[in-house]
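Residues per chain, in single letters:
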Amino acid sequence: IELKIEGSNVVKNKGILVPQSASLKLTGNGTLKVLAEATNSFCIGTSSEQAPGNICLNMRGKLEIEANGERCIGIGGGKNPTGNAISINGGEINIHCAGDNCLGIGIYDGNAVIDAENARFIFDILSPNCVGIGSMVSDCNIVISNYLLNFNMSGINICGVGVLDSGRGKIVLLDGKVDFTMRGRRIACIGTHDGSVDCSVSNSHVILEAEGACASG
């Protein structure tokens, strides 16, 4: 399915469902706000108990995501057994999440495949356990180029880009700027806690402000 966004648009209460067998492509120069509130909420993709299909964001306008609940996912889903991808090319994406466990963009249980370029991201997340881009557990494969990333995250266990706990995989940030403001107990700005993720940050301006008992850049 391709949705062309023109003008100002709002989706309330429930998100845009993209089941594993489907694909969604967003295009257009308009603005889209998606607001989801539920115990297990998502804005674009699926809940943390399901697997999403391929998601492609190719907008030149603005996408605003707000997910609230016990388990929240902005863009993505819960599982990814078939290796479906989240692809982003262009636009401005603002993600706001609040709840017990929050994921901005990615796959909750791992195998997050994320490719983004030419886009601006703003993350505002308040949660005891939260990840901006990536996975809560297991592994990730993330490539972001020609980007602007801004993270404002508060909680207990926090990861900006990567895997929250015992992660593995690869992260590549190329040709951009990333600004972290992180406040919590255990903080990983890029990477993981108690795991091994290959991280490459090239030709990028990085600003880190992390306040916590255990913090890593």
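Everything below is about the structure shown above.
What comes next concerns the included structure. Just so it is clear, the structure is predicted and the values come from calculations on it, not from any experiment. (Residues numbered from 1 in each chain as written. Predicted model: local features only at pLDDT ≥ 70, side-chain atom pairs only at ≥ 80, totals over all residues. Heavy atoms only, no water.)

### Points about the overall build of the chain
Applicable threshold: Secondary structure elements are defined from DSSP: runs of H or I of at least 4 residues count as helices, runs of E of at least 2 residues count as strands, and each element is numbered from the N terminus. As defined in this context, the radius of gyration uses C-alpha atoms, and a globule is described by 2.2 Å times the residue total to the power 0.38. Here's how the labels work: a residue is buried when its accessible area is under 20% of the maximum for its type, exposed when over 50%, partly exposed in between, all with a 1.4 Å probe on protein chains only. Working rule for contacts: check all heavy atoms of both residues, and any pair within 4.5 Å makes them a contact. Note on areas: Shrake-Rupley, 1.4 Å probe, and residue coverage restricted to the protein chains presented here. Positive charges come from Lys and Arg alone, negative charges from Asp and Glu alone, with His and the N- and C-terminal ends not counted. Charge positions come from single atoms, namely NZ of Lys, CZ of Arg, CG of Asp or CD of Glu.
A tally of helices and strands in the chain yields zero helices and 16 strands. In terms of overall dimensions, the chain is globule-like: its C-alpha atoms have a radius of gyration of 15 Å, near the 17 Å expected for 217 residues. With the C-alpha coordinates of the chain rotated into their principal frame, the extents come out at 45 × 35 × 30 Å. Looking at the chain residue by residue over its 217 residues, the buried ones come to 48%. Here the contacts in the chain between residues at least 6 apart in sequence split such that 78% fall between residues at least 24 apart. With the model as given, the accessible surface of the chain reaches about 8800 Å², and the carbon-plus-sulfur share is 46%. The averaged location of the 21 negative side-chain charges in the chain is 3 Å from the averaged location of its 16 positive side-chain charges.

### Description of the packing of aromatic side chains
Let me state the cut-off plainly: When two rings of Phe, Tyr or Trp (its six-membered ring) have centres within 6.5 Å they constitute a pair, described as stacked for plane angles under 30 degrees, edge-to-face for angles over 60, and tilted for the intermediate range.
The tally for this structure, following the rule as stated, stands at three aromatic pairs. Note on Phe-123 and Phe-151: the rings are 4.8 Å apart at their centroids and 5 degrees apart in plane angle, and the pair reads as stacked. Separated by 28 residues along the polypeptide, Phe-123 in strand β11 (residues 112–126) and Phe-151 in strand β12 (residues 129–154) bring together distant segments of the chain. For the pair Phe-123 and Phe-151, a shared accessibility class is recorded, and that class is buried. Taking the centre distance of 4.8 Å and the plane angle of 10 degrees together, the rings of Phe-151 and Phe-180 count as stacked. Linking Phe-151 in strand β12 with Phe-180 in strand β13 (residues 157–183), this pair joins segments that are 29 residues apart in sequence. Phe-180 matches Phe-151 in its accessibility class, with the two residues each being buried. Through a chain of ring-to-ring contacts, three or more aromatic side chains come together here, namely Phe-121, Phe-123, Phe-151 and Phe-180.

### Observations concerning the pairing of strand β6 (residues 40–45)
Heads up, the condition is: Between any two strands, at least two bridges found by DSSP are needed for them to pair.
Within β6, five of the six residues are buried, which leaves the element mostly enclosed by the surrounding structure. Relative to β6, strand β3 (residues 16–17) runs parallel, the two being bridged by two bridges. Residue pairing in the sheet places Ile-16 in a bridge with Ile-44 of β6. Alignment of β6 against strand β8 (residues 62–77), held across five bridges, turns out to be parallel.

### A closer look at the side chain of Asn-101
To keep things clear, this is the line we draw: Identification of polar contacts relies on pairs of N or O atoms within 3.5 Å, with a donor-acceptor requirement for protein atoms, meaning one able to donate a hydrogen and the other able to accept it, and with residues adjacent in sequence counted only if both atoms are side-chain atoms.
Positionally, Asn-101 belongs in strand β10 (residues 92–107). Here the side chain of Asn-101 touches Asn-129 through a polar contact of 3.3 Å, side chain to side chain.

### Some remarks on the nonpolar core
This is how it is decided: For our purposes a nonpolar core is just a set of buried Ala, Val, Leu, Ile, Met, Phe, Trp, Tyr and Cys residues, chained together by side-chain atoms within 4.5 Å.
With 54 residues, the main nonpolar core has Ile-44, Ile-75, Ile-105, Ile-133, Leu-149 and Phe-151 as its most contacted residues. For this core, the element with the highest residue contribution is β12, accounting for nine residues. Ignoring anything within four residues of it in the chain, the contact list for Ile-105 reads Ile-75, Ile-86, Ile-88, Ile-95, Ile-114, Phe-121, Phe-123, Gly-132, Ile-133 and Gly-134. Within the second largest apolar cluster, eight residues are counted, among which are Phe-42, Ile-73, Tyr-108 and Met-136.

### So, a nonpolar patch on the surface
Put simply, the test is: Put simply, a patch holds well-exposed residues, over 30% relative accessible area, that have no salt bridge, with like charges counted together within 9 Å and Val, Leu, Ile, Met, Phe, Trp or Tyr side chains within 5 Å. We count a salt bridge whenever a side-chain nitrogen from Lys or Arg sits within 4 Å of a carboxyl oxygen from Asp or Glu.
A contiguous nonpolar patch, built from Val-201, Val-206 and Leu-208 and spanning about 220 Å² of accessible area, is present on the exposed surface. Within the secondary structure, Leu-208 is located in strand β15 (residues 196–211). With a relative accessible area of 45%, Leu-208 lands in the partly exposed category.

### Side note on the pattern of salt bridges
Taken as a whole and assessed by the stated rule, the structure comprises six salt bridges. Note that Glu-209 and Arg-183 form a salt bridge whose closest N and O atoms lie 3.1 Å from each other. Of this pair, Glu-209 sits in strand β15 while Arg-183 is found in strand β13, placing the two residues 26 residues apart along the sequence. The class of Arg-183 is partly exposed, set by a relative accessible area of 34%.

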